[in-house]
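Per-entry structural report
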Amino acid sequence: MTRYFWLREDEAATSAFSGSFDGALKWALPGAKCSECGVTWSSWGHHYPCVDLSSLPEHALFEQPRPEPFTGFARLRALVRPLAPANSELPPGTEFGPRVGRASGAFGPFTWQGTSILLVRRDALEQLQAQGLRGLTGCRTELRFRQKTAPELLDLQIEPRGRLHPDCVPPDVPPPCPTCGRFALSRPDAPVLDADSMPSDVDLFRVGNFATMLIGTQRLMEAVRLMELPGIAFHELPVRSAVS
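These lines cover the structure that appears in this document, whether it is placed above or below. Within any chain, residue numbers begin from 1 and follow the written order of that chain's sequence. Residues qualify for local features only when their pLDDT is at least 70, as the model is predicted, and side-chain atom pairs are given and counted only at 80 or more; totals for whole chains, interfaces and linings, by contrast, use all residues. Where side-chain values are given, they derive from all heavy atoms of the structure, hydrogens and water being excluded.

Quick look at the state of the cysteines now. Only a pair of cysteine sulfur atoms within 2.5 Å counts as a disulfide in this structure description. Going through the model one piece at a time under the given rule, you end up with one disulfide. The disulfide bridge from Cys50 ends at Cys139, spanning 1.8 Å between sulfur atoms. Disulfide Cys50 to Cys139: torsion about the S-S bond roughly -95°, handedness left-handed. Of the two residues, Cys50 is situated in the loop between strand S5 (47–48) and strand S6 (67–69) and Cys139 in strand S10 (residues 138–139); the sequence distance between them amounts to 89 residues. Judged by its relative accessible area of 37%, Cys50 falls in the partly exposed class. Here Cys34 stays free of any disulfide, with the sulfur of Cys37 as its closest cysteine sulfur at 3.7 Å. For Cys34, a relative accessible area of 6% corresponds to the buried category. With no disulfide of its own, Cys177 lies 3.7 Å from the sulfur of Cys180, the closest cysteine sulfur. Note on exposure labels: buried denotes an accessible area under 20% of the residue type's maximum, exposed denotes more than 50%, and partly exposed covers the range between, all computed with a 1.4 Å probe on protein chains only. Judged by relative accessible area, which is 10%, Cys177 ranks as buried. Runs of E in the DSSP output that reach at least two residues are strands. Runs of H or I that reach at least four are helices, and both are numbered from the N terminus.

Set out below in structure tokens:
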């Protein structure tokens, strides 16, 4: 059985490098104001840095964060759906396009922003891809560097796949809103992955119903360690079938 690991920053390793960045993707869906559940909300963790919205005549509508009534949000989502990966959910707050901002310092193979944004140096990504790892897609960034000689940093497009096990959902958590899809699930203290939903074609993905969690396979873990690429801590998660 495939083993799965929750990816977090290895702070002891990344502290050896001075590199840091501050930036956001160029475009985003607005937040949504839902008339059914009464909540104004936006998601985090649905990032598509390889999806370019510049061809849309309405691209300026995706440049300013704001809430929209759900009907307006749905209209804007329909505009970007043909450009997004097939079967992507695209909840409110989904981001697209290159990462824009500033960067400085000496960068290691991996650099984190928070717990769910991961940039990779091109040479490190190419080493991993040469090991036959699947689903490692690097997207260009538009980060401005202070130094003249800057590394080529790529934004990993890590798509939501798989799910947390149903036992991770407390019984008092209401089901997703039938109109806007909002699901008020907090991250469990001891996450368990649903074995029946795990993808078989990628070695790096986000949890579909908790997209801030980055998951890698044993193949990814072994390749990172074989290449001696510092910056990622791997925490193995239990995997259990939801079918009794």
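Moving on from the coordinates now.
So, about unusual backbone geometry. The backbone of Leu90 sits at a positive phi, close to 55°, despite the residue not being glycine. Within the element layout of this structure, Leu90 appears in the loop between helix H2 (70–80) and strand S7 (95–104). In this model, Glu228 sits at a positive phi of 55°, which is unusual for a non-glycine residue. Tracing the backbone shows Glu228 in the loop between helix H4 (218–226) and strand S17 (232–237).

Moving on, we get to the sheet that holds strand S3 (residues 31–33). By this definition, two strands are paired if DSSP reports at least two bridges between them. Sheet architecture is open: three strands sit in the order S4-S3-S6, paired in mixed fashion. Of all strands in the sheet, those with a lone pairing partner are strand S4 (40–41) and S6, marking the two edges. Direction of pairing for S3 relative to S6: parallel, over a ladder of three bridges. Residue pairing across strands places Lys33 opposite Pro69, the latter belonging to S6. Residue contacts are counted whenever heavy atoms from the two residues lie within 4.5 Å of one another. Between the N-to-C directions of two axes lies an angle of 0 to 180 degrees, each axis being a line fitted to C-alpha atoms and, for a helix, fitted only over the stretch in contact. Across the sheet, H2 is in contact with S3 and S6; its angle to S6 comes to roughly 105°.

With that settled, consider the layout of surface pockets. Using protein atoms alone on a 1 Å grid, points that fit a 1.4 Å probe yet trap it form a cavity, whereas open point sets bounded by protein on both sides within 12 Å along at least five of seven lines form a pocket; residues with an atom within 4 Å of a point count as lining. Grid points are joined across faces, edges and corners, and a volume is the space filled by probe spheres set on the points. Space inside the largest pocket adds up to approximately 590 Å³. Every residue lining the largest pocket is counted, 25 residues in all, and those nearest its centre are Trp41, His46, Gly181, Phe183 and Asn209. Contributions of two or more residues to the lining of the largest pocket are made by H2 and strand S16 (210–217). For the lining of the largest pocket, the element with the highest residue contribution is S16, accounting for three residues. Here the residues of the lining of the largest pocket sort into 13 nonpolar, eight polar and four charged. Looking at the second largest pocket, it is lined by 13 residues, and the ones nearest its centre are Asn87, Ser88, Glu89, Pro160 and Arg161. Classification convention: Asp, Glu, Lys, Arg as charged; Ala, Val, Leu, Ile, Met, Phe, Trp, Tyr, Cys, Pro as nonpolar; all other residues, Gly among them, as polar.

Let us now look at the side chain of Asp155. When you line up the elements, Asp155 lands in strand S12 (residues 153–156). If we skip the residues at most four places from it in the chain, Asp155 touches Leu25, Pro49, Arg99, Leu118, Leu119, Thr137, Gly138, Cys139 and Thr141.

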